[in-house]
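# Chains, contacts and geometry: an overview
What follows is each chain in one-letter form.
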Amino acid sequence: MKTCYHCGDDCDNKPIKFDEKDFCCNGCKTVYEIFSSNNLTSYYEIENAPGATPNEVQGKYDFLENENIVERLLEFEDERTHVVNLYIPHIHCSSCIWILENLNKLRPDIVGSQVNFPKKTVRVTYHTENFGLKELVLLLTSIGYEPYISLDDYQEGEKKADRSLIYKLGWSGFAFGNVMFLSFPEYFEVNEFWLEQYKHLFRWLMFAFSVPVVFYAAQSYFVSAYKGLRSGLLNIDVPIALGILVLFIRSTIEILFDWGSGFFDSLTGLVFFLLVGKFFQQKTYTYLSFERDYKSYFPIAVTKVVAGEKEENVPIYEVDRGDRLLIRNEELIPVDGILLSDTCFVDYSFVTGEADPVEKKSGDKIYAGGKQIGGVMSMEVLKSVEQSYLTQLWGNKAFEKDKENQYQNLTDAISKRFTVAILLIALVATTYWIFTDSSLALNVFTAVLIIACPCAIALSAPFTLGNLLHIFGKKKFYLKNASVIERLADIDTIIFDKTGTITTNTKSIISYEGEPLSGSEQKYLKSTLRASNHPLSRALYNILQEHDIQTPDAYQEYVGKGIAAVYDHTEIKVGSASFVGKKVVSSSTKTSVHVSANNRYRGEYVFKNSYRDGLKSLIDSLQSNYSLALLSGDNDGEREYLELILPTDVKMRFNQKPEDKLQYIKKLQEAGCNVLMVGDGLNDAGALAQSDVGIAISENVNVFSPACDAIMDANRFDSLGKFLKVSSLGKRIIKWSFVLSFIYNLVGLSFAVTGRLSPVVAAILMPLSSISIVVFTTVMTNWVSRRL
């Protein structure tokens, strides 16, 4: 079988010939051509010369000109941009990934593309002015990546499971059992005539059972080792493959020259237990899958309109087809639907990367992932929440923070040096035993190569953090990814927002001071507040009398200032005193929302804030270990009360604009502080993004801020200190599991180099080390999490 010139893989099918070289796939051939010419575009022009795409291939995809079919295949669609996820069976290696993620260099209409290698899919975003789905498919086909398109597959969403490991495990177990039975006479040195007469047949039967074990069941170890060596890397599969190969060659030589029965029992047992370990790890990873569903990413509620125009908040995963939803300003559209309002503007930057709002009119289809801009809109749900579509939003590269994963770096560094050290130990130990007792030399060499394994070290961090991620989610503290826990453990400074964070809008006492509002003004005020997600707006909206809701002719919300809306030539402004045009701004220290109609100041709604239960106890538990600060966009009217419940060393700053909060955090970071920001998710988006960890408090609103690292249910606010403590203990668990891994390797190697450990026992112990780490981290993380 020929080997690919570029990536080193076997050419399973007929190799692709180019420039007198063999390539396993079009990706490798293309990358070779591109680097030869240093021009991806010129390559595409050559490939797409007249006649490059046969007419029968073009005709094959004429059905993609049917709008109904295209609509079923697209993930997202508007007048200018389409997004599609295509299954590409021919994705083979890193070359394929490189080609498919650089499609925009082949065709400017393609905005971007992202490959999911395990699922063999590519998600492509493209402009539709001069380009369509058919042209995209033909482009992919012309470069050797013809997609597999089946509407049935798109509806089911499932691809056939890979059962190759099951088959390999089954064969190696079958062979191991039979080889053990055939080896019994030699184990017990039975000298009966017929056993002695047929011992050569038994040995060759053992050889026959072992050949598929080595060249089929253990194939992945040899392939991985070969790829690593070709790339100049010594991965962990190198010593394993070497050990298997040495056992097989030595055993074959022994039966050829009638020196003995060889080590076929150890060989088949070794591969069987290695595959058992791999199977267990695969199942464990599946069980602790870190690809969480939408309930983990979107714990917040959505406003559902029920009979009699009554509004109620429901969990997002209870939304069904036909439901009517109310989407306010800055809220995320959670599902695909039909617009019922006259018009609205939707920001699809989370989906397409383009921030220009798109105007939609009544009857238009709107897609999950868009953000409603300005006013309030009503929609009818077309289908329930799609997990695969929503879960990618939070992890969008545009919102990632440039934070190092310290444990991953440590694990990588250990793994790189581990294999070199093990090979050296194996060679030194084998050399010693060749001169001391040559009968043990092979056993020592193989046992050392098998027993030592960095897998336990590599598993420590992901399983500890992954299990904590799962536990935190069950306790209504939802993290973007596992690395957030690492950063939480290193926090030394905590900053709280006030309104909507340490205060709750469900218990506020609100009174009105000023000129009475007319009936129409009250109706317009209620309608204006309906579209806002600011905590004070929501509180005020809930206490105002029911009125016929009016749709504003114009609506604009100014972050940190207020809202302006126009109804039938009446302009309503609600917000700060200066925003609504109050000429004499008093030095009042009350928390107020001011109102004006047609630029005439009418009065203010005064809020007596209600602070969250458990605030004082939370602050008391944090003050000894963290530096605390309070930043508020409100005035200092409640400073005296806050000074009573907060420790004297808590820094308090009032009248802070969103940019002021961001700069404050930036200065702390420049001074070497690791900052946690706790805010309401909308007005604090900049501060949440700047901080090392940003937590948005969720209280019956559907404001999704991709800038935050975590979303906490408001009812769990008083448990913040406990979550931080458990995160710190999680860091200790990782260190403990590192120590246990090193102890296991030291003890195992001490037995192996002294000749007291057979290869088959080493093969049993090797997966047990990984299993023990998984059990240890799971038990310990569950134990430390009891305090939650």
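Attention here is on the structure that accompanies the text. The structure displayed is predicted, hence computed values, not measured ones.

## What about the overall build of the protein chain?
Along the protein chain, the regular secondary structure elements total 31 helices and 28 strands. Expressed as a percentage of the 788 residues in the protein chain, the buried residues total 52%. Of the roughly 37,000 Å² of accessible surface on the protein chain, a fraction of 53% belongs to carbon and sulfur atoms.

## Brief notes about the packing of helix α23 (residues 519–530) against helix α24 (residues 535–543)
One can describe the packing of α23 onto α24 by two numbers: an axis separation of 9 Å at closest approach and a directional angle of 135 degrees. In terms of orientation, α23 lies oblique with respect to α24. The handedness of the crossing between α23 and α24 is left-handed. On α24, the residues that touch K526, L529 and R530 of α23 are S537, R538, L540 and Y541.

## Things to note about unusual backbone geometry
Backbone geometry places H569, a non-glycine residue, at a positive phi of 70 degrees. Structurally, the position occupied by H569 is in the loop between β20 (562–567) and β21 (570–575). Backbone geometry places N599, a non-glycine residue, at a positive phi of 65 degrees. Its place among the elements puts N599 in the loop between β22 (591–597) and β23 (600–611). Here N599 falls in the exposed class, since its relative accessible area comes to 56%.

## Quick notes on the packing of helix α11 (residues 199–217) against helix α13 (residues 237–256)
Two numbers describe how α11 lies on α13: the axes approach to 11 Å, and their chain directions differ by 160 degrees. Between α11 and α13, the crossing angle belongs to the class labelled roughly antiparallel. The crossing of α11 and α13 is left-handed. Contacts between α11 and α13 involve R203, W204, F207, V211, V214 and F215 from the former and I244, F248, T252, I255 and L256 from the latter. Of the residues in the contact of α11 with α13, the class split is nine nonpolar, one polar and one charged.

## Brief notes about the environment of F607
Along the chain, the position of F607 falls in strand β23. For F607 and S592, which are 15 residues apart along the polypeptide, the C-alpha to C-alpha distance reads 5.9 Å.

## So, the pattern of salt bridges
Under the criterion given, the structure shown has 15 salt bridges. The salt bridge partner of R600 is E515, with a shortest N-O separation of 2.8 Å. With R600 in strand β23 and E515 in the loop between β18 (503–514) and α23, the pair connects residues that are 85 residues apart, well separated along the chain. Overall, the relative accessible area of 47% leaves R600 in the partly exposed class. Its relative accessible area of 32% is what places E515 among the partly exposed residues. Through salt bridges that share partners, E515, E521, R600 and R602 make up one connected network.

## What to know about the pairing of strand β3 (residues 74–77)
Taken together, the three bridges between β3 and strand β4 (residues 81–87) define a ladder with antiparallel strand orientation. Of the residues in β4, the one forming a bridge with L74 is V84. Between β3 and β4, which pair antiparallel one after the other, the connecting turn spans three residues.

## Considerations on the sheet that holds β4
Across the sheet, four strands lie side by side as β3-β4-β6-β5; this open sheet has antiparallel pairing. Two strands lie at the open edges of the sheet, namely β3 and β5 (110–116), each paired on one side alone. Strand-to-strand twist in this sheet, taken as the mean axis angle between neighbours without regard to direction, amounts to 10 degrees. Where β5 lies against strand β6 (residues 121–127), six bridges are found, and the strand directions are antiparallel. From the neighbouring strand, Q114 faces β6, where its bridge partner is R123. Docked against the sheet, helix α7 (residues 133–142) engages β4, β5 and β6, running at close to 40 degrees with respect to β4.

Parameters at a glance
- Sequence order as written defines residue numbering, which begins from 1 separately in each chain.
- Local features in this predicted model are restricted to residues of pLDDT 70 or higher, and side-chain atom pairs are both shown and tallied only at a pLDDT of 80 or more, whereas totals for entire chains, interfaces and linings draw on every residue.
- Each side-chain value is worked out from all heavy atoms of the structure, with water and hydrogens disregarded.
- Counting from the N terminus, the helices are the DSSP runs of H or I reaching at least four residues and the strands are the DSSP runs of E reaching at least two.
- Residue burial is assigned from relative accessible area. The probe radius is 1.4 Å, only protein chains are included, and a residue is buried under 20% of its type maximum, exposed over 50%, and partly exposed in between.
- Surface accessibility follows the Shrake-Rupley procedure with a 1.4 Å probe radius. Residue values consider only the protein chains on display as shielding.
- Lines fitted to the C-alpha atoms define the axes, with helices restricted to the stretch that makes contact. Angles between their N-to-C directions range from 0 to 180 degrees.
- For classification, angles of less than 35 degrees are called roughly parallel, those exceeding 145 degrees roughly antiparallel, those between 65 and 115 degrees roughly perpendicular, and all remaining angles oblique.
- Rotating anticlockwise by less than a right angle from the far helix to the near helix defines a left-handed crossing, while the corresponding clockwise rotation defines a right-handed one.
- We call two residues in contact whenever any of their non-hydrogen atoms come within 4.5 Å of each other.
- Each residue is assigned to one class: nonpolar for Ala, Val, Leu, Ile, Met, Phe, Trp, Tyr, Cys and Pro, charged for Asp, Glu, Lys and Arg, and polar for all the others, Gly among them.
- A pair is scored as a salt bridge if a Lys or Arg side-chain nitrogen falls within 4 Å of a carboxyl oxygen belonging to Asp or Glu.
- One requirement defines pairing of two strands: DSSP has to find at least two bridges between them.

Note that all results are geometric; they support no functional claim without further evidence.
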